[in-house]
Amino acid sequence: MSVDAETGPGNRGSRILGDLSGARDVGIAVTSTIVFLAIIVFAIVNSAGWPEVRHAFFDRRIFGDSFPEVARAFLLNVRIFCIAEVVILVVALGIAVLRGLPGPVLFPFRLLAVAYTDLFRGIPTILVIYILGFGAPALQLSGVPRSPFFWGVTALVLVYSAYVAEVYRAGIESVHPSQEAAARSLGLSRAKTLRFVIVPQAVRRVIPPLLNDFIGLQKDSALVALIGPIEAFRQSQIDVAATFNYTPYMATALLFVLLTIPLARLTDWLVARDRRRQSAGVAR
Amino acid sequence: MSSNGSLLRLEGLRKSFGAVEVLRGVDLDVGEHEVVCLIGASGSGKSTLLRCINLLEPLDAGRIFLRGEEIGRRVDVNAVRRRVGIVFQAFNLFPHMRVLRNVTLAPTRVLGKSRAEAEAEATALLDRFGLADKRDEYPDRLSGGQQQRVAIVRALAMRPELMLLDEVTSALDPELVAEVLNVIRELAERGMTMVIATHEMSFARDTADRVCFLDGGRILEQGPPEEIFTRPREPRTQQFLERIIAAGRL
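Here the residue numbers are simple positions, counted from 1 along each chain's written sequence. To label them, take the chains in the order written and letter them from A, then take the ligands in the order written and number them from 1. Two thresholds apply to this predicted model, a pLDDT of at least 70 for residue-level local features and 80 or more for giving and counting side-chain atom pairs, whereas whole-chain, interface and lining totals are computed over all residues.

### A few points about the overall build of chain B
Part 1 of the reasoning: For helices the rule is a DSSP run of H or I covering at least 4 residues; for strands it is a run of E covering at least 2, with both sets numbered from the N terminus onward. For chain B, the count of helices and strands is 9 helices and 10 strands.
Part 2 of the reasoning: In this description the radius of gyration comes from C-alpha coordinates, and the expected globular size is given by 2.2 Å times residues to the power 0.38. In summary, chain B has a C-alpha radius of gyration of 18 Å against a globular reference of 18 Å for 250 residues, a match within 12%.
Part 3 of the reasoning: Each residue is represented by a C-beta atom placed from its backbone, and any two residues with such atoms within 7 Å are regarded as in contact. Partitioning the contacts of chain B with sequence separation of at least 6, the portion at a separation of at least 24 is 64%.

### With respect to the sheet that holds strand 5 (residues 69-70) of chain B
Residues and elements named next belong to chain B.
Part 1 of the reasoning: In spatial order, the strands read 2-1-4-5; together these 4 strands make up an open sheet with antiparallel pairing. With one partner strand each, in any of the chains shown, strand 2 (20-30) and strand 5 form the two edges of the open sheet.
Part 2 of the reasoning: Note on pairing: two strands pair once DSSP finds at least 2 bridges between them. In this sheet, strand 2 lies alongside strand 1 (residues 8-17) in antiparallel orientation, the contact comprising 8 bridges. Each residue of the ladder has a partner; that of Leu 13, found in strand 2, is Val 26.
Part 3 of the reasoning: Packed on one face of the sheet, helix 1 (residues 46-53) meets strand 1, strand 2 and strand 4 (61-66) and runs near 65° to strand 2. Fitting a line to C-alpha atoms yields each axis, with helices limited to the stretch in contact; the angle taken between N-to-C directions then spans 0 to 180 degrees.

### Let's talk about the pairing of strand 1 of chain B
All names here are of chain B.
Part 1 of the reasoning: Linking strand 1 back to strand 2 in an antiparallel pair, the connection comprises 2 residues, with Gly 18 at a positive phi of about 65°.
Part 2 of the reasoning: Judged from the 5 bridges that link them, strand 1 and strand 4 form a sheet pairing that is antiparallel. Within strand 4, the position partnered with Leu 8 by the bridge is Leu 66.

### Thoughts on the confidence of the model for chain B
Part 1 of the reasoning: Chain-level pLDDT for chain B is 92 on average; 97% of the residues reach the 70-or-more range.
Part 2 of the reasoning: Complex prediction metrics read pTM 0.81 and ipTM 0.90. Confidence of the prediction at every residue is given by pLDDT, a number between 0 and 100.

### Side note on the interface of chain A and chain B
Part 1 of the reasoning: Contacts between the two partners involve 23 residues from chain A and, on the opposite side, 22 residues from chain B.
Part 2 of the reasoning: Residue composition of the side of chain A that touches chain B, by class: 10 nonpolar, 8 polar and 5 charged. Residue type decides the class: Asp, Glu, Lys and Arg count as charged, Ala, Val, Leu, Ile, Met, Phe, Trp, Tyr, Cys and Pro as nonpolar, and the leftover types, Gly among them, as polar.

### Observations regarding the sheet that holds strand 10 (residues 218-223) of chain B
Residues and elements named next belong to chain B.
Part 1 of the reasoning: Taken together, the 6 strands give an open sheet; going across it, the order is 6-7-8-3-9-10, and neighbouring strands pair in mixed fashion. Each of the sheet's edge strands pairs with one partner strand only, and the pair in question is strand 6 (84-87) and strand 10. Between one strand axis and the next, the sheet turns through 20° on average, direction left out of account.
Part 2 of the reasoning: Relative to strand 8 (residues 193-197), strand 3 (residues 35-39) runs parallel, the two sharing 4 bridges. Pairing of Val 36 across the sheet is with Val 195, part of strand 8.

### Some remarks on the nonpolar core
Part 1 of the reasoning: Of all hydrophobic cores here, the largest spans 131 residues; its most connected members are A:Tyr168 and B:Leu38.
Part 2 of the reasoning: Beyond its immediate stretch of four places on either side in the chain, A:Tyr168 contacts A:Ala92, A:Leu93, A:Ala96, A:Ala202 and A:Val206. By our criterion, buried Ala, Val, Leu, Ile, Met, Phe, Trp, Tyr and Cys residues that link up through C-beta atoms within 7 Å make up a nonpolar core. Note on burial: count the other C-beta atoms lying within 10 Å of the residue's C-beta; 20 or more is buried, 12 or fewer is exposed, in between is partly exposed, and C-beta positions come from the backbone.

### Notes on the packing of helix 3 (residues 99-109) of chain B against helix 5 (residues 144-156) of chain B
Residues and elements named next belong to chain B.
Part 1 of the reasoning: The N-to-C vectors of helix 3 and helix 5 enclose an angle of 25°; their axes lie 8 Å apart at closest approach. Between helix 3 and helix 5, the crossing angle belongs to the class labelled roughly parallel. Of the two possible hands of crossing, helix 3 and helix 5 adopt the one that is right-handed. Touching Val 99, Asn 102 and Val 103 of helix 3 are Val 150, Val 153 and Arg 154, all from helix 5.
Part 2 of the reasoning: Of the residues belonging to the contact of helix 3 with helix 5, the class tally is 4 nonpolar, 1 polar and 1 charged. Convention used here: angles under 35 degrees read as roughly parallel, angles over 145 as roughly antiparallel, angles from 65 to 115 as roughly perpendicular, and any remaining angle as oblique. The sense of a crossing depends on the near helix, which, turned anticlockwise from the far helix by less than a right angle, makes the crossing left-handed and, turned clockwise, makes it right-handed.

### Description of helix 6 (residues 148-174) of chain A
All names here are of chain A.
Part 1 of the reasoning: Multiply 1.5 Å by the residue count of a helix minus one, and that product is the helix's expected span. In this model helix 6 runs 39 Å from its N-terminal to its C-terminal C-alpha over 27 residues, within 8% of the 39 Å that 1.5 Å per residue would give.
Part 2 of the reasoning: Bending of helix 6 peaks at approximately 30° at the position of Ser 161.
Part 3 of the reasoning: In terms of residue burial, helix 6 counts as a mostly covered element, since 20 of its 27 residues are buried. The bend at a residue is defined as the angle formed between two axes, one fitted to the seven residues ending at that residue and one fitted to the seven starting there.

### Overview of the environment of B:Gln146
Residue and element names in this part refer to chain B.
Part 1 of the reasoning: Within the secondary structure layout, Gln 146 lies in helix 5.
Part 2 of the reasoning: Along the primary structure Gln 146 and Leu 49 are separated by 97 residues, whereas in three dimensions their C-alpha atoms are 26 Å apart.
Part 3 of the reasoning: Excluding anything up to four places from it in sequence, Gln 146 contacts Leu 131 and Lys 134.

### Remarks on unusual backbone geometry
Residue and element names in this part refer to chain B.
Part 1 of the reasoning: You will see that Asn 92, though not glycine, has its phi angle at about 55°, which is positive.
Part 2 of the reasoning: Its place among the elements puts Asn 92 in the loop between strand 6 and helix 3.
Part 3 of the reasoning: Phi angles above zero are rare outside glycine, and Arg 159 is one such case at about 50°.
Part 4 of the reasoning: Within the element layout of this structure, Arg 159 appears in the loop between helix 5 and strand 7 (162-166).

### Some points on the packing of helix 3 of chain B against helix 4 (residues 115-128) of chain B
Residue and element names in this part refer to chain B.
Part 1 of the reasoning: As a packed pair, helix 3 and helix 4 sit with axes 9 Å apart at the nearest point and diverge in direction by 130°. In terms of axis orientation, helix 3 runs oblique to helix 4. In this structure, helix 3 crosses over helix 4, and the sense of that crossing is right-handed. On helix 4, the residues that touch Leu 100, Val 103, Thr 104, Pro 107 and Thr 108 of helix 3 are Arg 115, Ala 118, Glu 119, Glu 121, Ala 122, Leu 125 and Leu 126.
Part 2 of the reasoning: Looking at the contact of helix 3 with helix 4 residue by residue, the class counts come to 7 nonpolar, 2 polar and 3 charged.

What follows is the structure, given as structure tokens:
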């Protein structure tokens, strides 16, 4: 098998910030970044409204006061999306598999899967949260929790499972049919073929778009505030109302960004690791 | 029972893809330990025939018997495939599994063997075909010839009664063809029953017990290799072989 230098490790995609080789390149990159940032900061700080904006959004004392409260409330966001993510991974895979079922007998299941993804990708997330958050508890179903937390998480699971199911489906369809033929020819059933051959390959391929959806989910965990639970965004609203200053919003924004960065780097790392492990021309 | 002691018996197989009739009534008997080579131009139906025998393609008409037992319809296809191995032109190894796992997947998940037992058997097989040092590699790191040998080992690990080989050297660089053909020769010597679709005419002449010439979805002519290659009766067979000779492949 030919060795393609382009696909070797350390080249494409395995470095987060592109390929910087040599001290000279690094020096140029650092200088360029500093100059670029300096221009932006200079433009903002010298704008006519800066003193007021700095007071309203970047008040150090208010930041210090509200940050611990917002951070505590942010733990609720973390709980919301951690639970939702685990459930979504399972539910979405189920829907993607349903949609791929063959034969005329199973048509109703395919139809159901299509209807589900159309419905929940179509309705705005905020509406699903409202409808479930206020409507579902009113049904007074026995054995089903009525807490807004439960229904908020459920709404996020329903919406994001529709997106993630499509991501999974794209991954499943990207696995060449010859893989299924090979597995079936060895006597593996359709279910075992999916489980051991198709889905593992599909999941590897869709990790970047899947984690991208999860970043979206983490942000949307703030929407659950609309039906009651006091998470980071709601807490910062309370603080803003108390101080007449917007700085608590900045604290919340900072927390969301801080959480996104590790997830984005994890995505890069997973992709690079997979490429390294399977690519040709390494340690032959 | 219409088996007459043959391992595989095909009666009037027909298969169409849309309006294209690929198999138009194929009859074939393959005896125990026999090596049958299918030759013929591209599109003559060789690959489709093999895929039908493995039940990867549903038949439109005809019957398939394995040791006298009809397998074409209403049977457990997975049970049939355990007994009939197939190796593809494009290897089709599982790229996310190491070589050893490629080989042990079906024995553990289909036959229910323990991991240790399956790994011991797989290691012995890999060793026999000169692949012992590759067992912990991922398929993409192997040469085409090595990958195809792994694919053969993967099929053999199920201890099939019959092996189907679908142009297994066609995707290989010329210098890698021999290593794969040697593996097949060894299997033939050990008495493995095989149906082989191939463009390697000299290999077919040396190894096959019988050669079948497929043309237009039928077996037009069959017989011992020396007869087919030196005294073909049918004009179509003569034309095909003349083209092969002109291309320097015989």
